[in-house]
Amino acid sequence: MTGSESDTNDDGAMSIPGVPGGIFNLPAGSELIRDVEEEIFLLYTRLKTKNSDISDAPLGLGSVDSKISEITVTIDLVPPPSTNSQDLPKSPSPSKEKSPKRSRATYYNRLDKKRQIGSENKTVEIVLEQDPSSLRSRKGDTGSVLWRASVHLARYLLMEHHFPPQTPLLSPPKLKSARVLELGAGVGFLATLLSPLVEHYTVTDIGPLLPLIRKNVIRNLPSTIAKESVTVAELDWLDIQQASTPSWRQKLFPTLKEDNLSPLYDLIICCDCIYNTSLVPPLVATINHCCSGVGSVVLVVVELREEDVLREFLTAWLDSDLPRIWKVWRIPEDKLGFRTVGWIGWKESEEEV
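These figures come from a predicted structure and were not determined experimentally.

**Quick word on unusual backbone geometry**
For Asp272, which is not glycine, the phi dihedral falls at a positive 55°. Structurally, the position occupied by Asp272 is in the loop between strand S8 (267-271) and helix H10 (280-290). Non-glycine residue Arg339 carries a positive phi angle of around 65°. By the element assignment, Arg339 lies in the loop between strand S10 (326-330) and strand S11 (340-347). Of the residues examined, Arg339 reaches a relative accessible area of 14% and is grouped as buried.

Next up, the structure:
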């Protein structure tokens, strides 16, 4: 896939376009994905170059702690040195996930001391229920525990929410009125933290995970947020892939308003759902279904694992739904943390093709 002449300015440098709907602002340094092989090569070469001492460290598949049934996640948000910079704040130190086996009194004493260091600092804490037994016993079930990439994404977006840069990734006025759909939500971690920032948040996964998501959302949703602003719904990507017509897919999971043109969702989030090549075709089919109308934007966040899986996903995503063309941009790698990459994509309208 190659870029057009409009992708560069007069000096030959990459020009940053406006994103449909205005909900996203592409950060400076974002790069258009022109060629899948080049993208994969750049990602993994940069990973080894910038992190040569730790890039080969055994980090497992990427779960935070897959052995405990209840996990406390604390994200310390420290204001950036200067809020006047156009650059987005860099990610702070990694959040600390506490095992409930540790003394709660000791933990809260430490937390109080952290809060006293700087009155402007923010601390976000939630307690999540996990299902480690399902991770081991239910084939293909990886959503029953929390994964690192979700924590990285939450930290990045919450940093910008509490300490807004000049040009945030997500436009606050647009976000406040946005309808968000999350695919493959797992334990519902992102839904509990991001739903208070938007008008309506629909969190989805396969049926067996919905009770776990509901428990975590109810447990952590602030009392000031109406429960009706969060919907927990089943969405199996295989069902969408196997549906033979667009109308059938709309019956399975509606993504268009009554006019069959306008999208129901402004933003689709897909965080760390790409880990197996067998799931690539159904995931891409679902992404296309969720972006049936004009104006929806997709945020895909992944942890860098197997090159072949990401290569297959990007190839399938960029070549899907022709003749309409996907425009996919990678945000700078330092925004999300170690091994974590984010892509923002949208379909060009038929008039633009």
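Right, picking up where we left off after that structure.
**Notes on the pairing of S8**
In terms of burial, S8 is largely enclosed, as 5 of its 5 residues are buried. Of the two faces of S8, the one carrying Leu267, Ile269 and Cys271 and the one carrying Ile268 and Cys270 are both buried. With 4 bridges joining them, strand S5 (residues 179-183) and S8 adopt parallel strand pairing. Each bridged residue has a counterpart across the sheet, and for Leu183 the counterpart in S8 is Cys270.

**What about the pattern of salt bridges?**
Tallied over the entire structure, the rule returns 12 salt bridges. Bridged by salt links that share partners, the residues Glu31, Glu39, Arg46, Arg330 and Glu333 form one connected network.

**Thoughts on the sheet that holds strand S1 (residues 31-32)**
Overall, mixed pairing links the 8 strands, which are arranged S1-S10-S11-S9-S8-S5-S6-S7 in an open sheet. Pairing within the sheet leaves two strands with one partner each, and these edge strands are S1 and strand S7 (230-234). Of the strand pairs in this sheet, S1 and S10 are connected by 2 bridges, and their pairing is antiparallel. In the sheet register, Glu31 faces S10, and the bridge partner there is Arg330. Contacting strand S6 (200-205) and S7, helix H7 (residues 210-220) crosses the sheet at an angle of about 170° to S7. Its contacts with the sheet place H10 against S5, S8, strand S9 (297-303), S10 and S11, and it is angled at close to 170° to S5.

**Description of the environment of Trp147**
By the secondary structure assignment, Trp147 is in the loop between helix H3 (132-137) and helix H4 (148-162). On the basis of relative accessible area, Trp147 is assigned to the buried category, the value being 13%. Within the structure, Trp147 has its side chain in polar contact with the backbone oxygen of Val145 (distance 3.2 Å).

**With respect to the environment of Leu169**
Relative to the helices and strands, Leu169 resides in the loop between H4 and helix H5 (172-176). For the pair Leu169 and Phe24, spaced 145 residues apart in sequence, the C-alpha to C-alpha distance is 5.6 Å.

**With respect to the packing of aromatic side chains**
With the rule as written, the count across this model stands at 4 aromatic pairs. When the ring of Phe313 is compared with that of Trp317, the centres are 5.4 Å apart and the planes differ by 35°; the resulting orientation is tilted. Of the two residues, Phe313 and Trp317 are both situated in helix H11 (residues 307-318); the distance of 4 residues between them amounts to about one turn of the helix. Of the two residues, Phe313 and Trp317, both sit in the buried class. Ring pairs connect the aromatic residues Phe313, Trp317, Trp326 and Trp343, which therefore count as one cluster.

**Observations concerning the confidence of the model for the protein chain**
Per-residue confidence for the protein chain gives a mean pLDDT of 82; residues scoring 70 or more make up 78%. Long-range and interchain partners of residues 1-6, a stretch whose pLDDT sits below 50, account for 12 contacts in this model, where long-range means more than four residues apart. Across residues 83-119 the pLDDT falls below 50, and counting only partners more than four positions away or on other chains, this stretch makes 62 contacts in the model.

**Observations concerning the environment of Pro165**
Inspection of the secondary structure puts Pro165 in the loop between H4 and H5. In the structure, Pro165 is positioned 85 residues away from Pro80 in sequence and 9.1 Å away in space, judged by C-alpha atoms.

Calculation rules
Residues numbered from 1 in each chain as written. Predicted model: local features only at pLDDT ≥ 70, side-chain atom pairs only at ≥ 80, totals over all residues. Heavy atoms only, no water. Helix = DSSP H or I, 4+ residues; strand = E, 2+ residues; numbered from the N terminus. Buried < 20%, exposed > 50% of the residue type's maximum accessible area, 1.4 Å probe, protein only. Pairing = 2+ DSSP bridges. Salt bridge = Lys/Arg side-chain N within 4 Å of Asp/Glu carboxyl O. Contact = heavy atoms within 4.5 Å. Axes fitted to C-alpha atoms, helices over the stretch in contact; angles between N-to-C directions. Polar contact = N/O pair within 3.5 Å; in protein donor to acceptor, adjacent residues only side chain to side chain. Phe/Tyr/Trp six-rings, centres within 6.5 Å; stacked < 30°, edge-to-face > 60°. pLDDT = per-residue confidence, 0-100.

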